[in-house]
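# A closer look at the structure
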Amino acid sequence: DGDISIGAGFQVLGVLWLTCGGDFSSALVGPTYVSPQFKGPGTQQILGPNTSFYTIRVDPGAQVTTSLPITSTFWDIDGDLTLPASQSTITAWDVKIGGNLTASALFDVTRLEVCVGGSLVAAQGVQAQVELVEAIAIATAGVKAKTALVTYFGTLNGTLASLQRAPVDIIGVDVVSDPKAL
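Residues numbered from 1 in each chain as written. Predicted model: local features only at pLDDT ≥ 70, side-chain atom pairs only at ≥ 80, totals over all residues. Heavy atoms only, no water.

This paragraph deals with a nonpolar patch on the surface. A cluster of nonpolar side chains, Val15, Trp17 and Tyr33, forms an exposed patch at the surface whose accessible area comes to about 350 Å². Tracing the backbone shows tyrosine 33 in the loop between strand E3 (24–26) and strand E4 (34–38). Judged by relative accessible area, which is 48%, tyrosine 33 ranks as partly exposed. (Patch = residues over 30% accessible without salt bridge, like charges linked within 9 Å, V, L, I, M, F, W, Y side chains within 5 Å. Areas by Shrake-Rupley, 256 points an atom, 1.4 Å probe, with all protein chains shown as cover. Salt bridge = Lys/Arg side-chain N within 4 Å of Asp/Glu carboxyl O. Helix = DSSP H or I, 4+ residues; strand = E, 2+ residues; numbered from the N terminus. Buried < 20%, exposed > 50% of the residue type's maximum accessible area, 1.4 Å probe, protein only.)

Most of E4 sits out of view: five of its five residues are buried. Side chains Val34, Pro36 and Phe38 of E4 all project onto a buried face; the interleaved residues Ser35 and Gln37 project onto the opposite face, where all are buried too. One ladder, built from five bridges, connects strand E2 (residues 16–20) with E4; its direction is parallel. Residue pairing in the sheet places tryptophan 17 in a bridge with serine 35 of E4. (Pairing = 2+ DSSP bridges.)

All chains considered together, the criterion is met by five salt bridges. Note that aspartate 76 and arginine 57 form a salt bridge whose closest N and O atoms lie 3.9 Å from each other. A residue pair is termed long-range when its members are at least 10 positions apart, and aspartate 76 in strand E8 (residues 71–77) and arginine 57 in strand E6 (residues 52–58) qualify at 19 residues. Across the salt bridge formed by aspartate 78 and lysine 96, the nearest N and O atoms sit 3.1 Å from each other.

Remember, this is a structural readout, not a statement about activity or role.
Below you can see the structure in the form of structure tokens.
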């Protein structure tokens, strides 16, 4: 339940799953198969210097921040994760957000799932093969009122066709940020 610090001499031969109740730091060199899981409640920090992970998991109630760019193949965010303004791009294979992920970066992912109650704030936009239509269908199931999906601050990057299949009444596009969307 406390801090975890991994020294540079430590060797990982497989996937190292770590449960952390405090701050996390790793001095391992190069890409690793380290997979930290941050338990809540409370605020924790990813200190580095190595912030290259196989999987990063933030459990409900955990509030994780870092001033260093993070790379990870898999992201499972059910708590709160705030990434630094200095990180310009986040590239990942699979991202599931049930909590809150906040980044100033462009979010470039292969598979993105934003669950009901989850939020992704990516100031530079999202490029993804998004399973958005399925997520919207779940979020609007049983809703009797008019529903709307409104995009803000960034390009749609080829997702407009998918959005048009979404089970919503209104699709709003930020034409100031993305005039080509018309």
